[in-house]
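Read off the chains here:
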Amino acid sequence: MLTLTENASTIVKQLTHVPEAPDTAGLRISGAAEEGFAVTAAGQPEAGDSVVEQDGAVVYLDATAAQQLDAMVLDAGVDDTGAVQFGLTAQA
């Protein structure tokens with residue numbers, strides 16, 4: 001199952017724990033083998049999504065992403081322009 005670094009958990013919570021967001025809000029990762037992954041804020045999971053909860057952060061994975069990211073670690077950071085950057089590494 002996908003795991004999150006401390007940085008990723010913090011950033012996911014910052015992106016999804018906003019006053020106008022529902023309690024079920026999370027980050028949704030969807031993907032296709034040839035196109036990479038799409039990362040979006042979501043109010044709730046879609047039918048068939050897997051749910052990863054870690055340190056208060058919630059990530060929804062569509063079936064393709066769940067399979068491809070099964071043994072991966074999601075990391076995140078903010079670049080010099082303030083944009084959030086996500087990265088993946090294999091679990092040790």
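The rules behind each value
- Residues numbered from 1 in each chain as written.
- Predicted model: local features only at pLDDT ≥ 70, side-chain atom pairs only at ≥ 80, totals over all residues.
- Heavy atoms only, no water.
- Pairing = 2+ DSSP bridges.
- Helix = DSSP H or I, 4+ residues; strand = E, 2+ residues; numbered from the N terminus.
- pLDDT = per-residue confidence, 0-100.
- Salt bridge = Lys/Arg side-chain N within 4 Å of Asp/Glu carboxyl O.
- Buried < 20%, exposed > 50% of the residue type's maximum accessible area, 1.4 Å probe, protein only.

Hey, could you run me through the pairing of strand E7 (residues 84-90) in this one?
Every regular strand shows the same layout, with side chains that alternate between the two sheet faces. With 7 bridges connecting them, strand E6 (residues 72-78) and E7 associate as antiparallel partners. Looking across to E7, one finds that Val73 is bridged to Thr89. The hairpin formed by E6 and E7 contains 5 residues between the paired strands, and Gly82 there has a positive phi angle of roughly 90°.

Would you take a moment to explain the confidence of the model for the protein chain for this structure?
Note that predicted coordinates carrying low pLDDT should not be read in detail. Per-residue pLDDT for the protein chain has a mean of 93; in total, 98% of the residues score no lower than 70. Per-element confidence in the protein chain is highest for strand E1 (residues 3-4), whose mean pLDDT is 98, and lowest for strand E2 (residues 26-32), whose mean pLDDT is 90.

Can you help me understand the pattern of salt bridges in this one?
Pairing between side chains of opposite charge can happen when their charged atoms approach one another. Inspection of the entire model under this criterion finds 2 salt bridges. Between Glu46 and Arg28 there is a salt bridge, with its nearest N and O atoms 3.5 Å apart. Of the two residues, Glu46 is situated in the loop between strand E3 (36-42) and strand E4 (50-54) and Arg28 in strand E2; the sequence distance between them amounts to 18 residues. A residue is classified by how much of its surface remains accessible, and Glu46, at 47% relative accessible area, is partly exposed. Residue classification places Arg28 among the buried positions, given a relative accessible area of 12%. Across the pair Asp49 and Arg28 runs a salt bridge, and its minimum N-O distance is 2.7 Å. With a gap of 21 residues between them, Asp49 in the loop between E3 and E4 and Arg28 in strand E2 connect regions that are remote in the sequence. Asp49 sits in the buried class, given a relative accessible area of 14%. Here the salt bridges share partners, and the residues they tie into one network are Arg28, Glu46 and Asp49.

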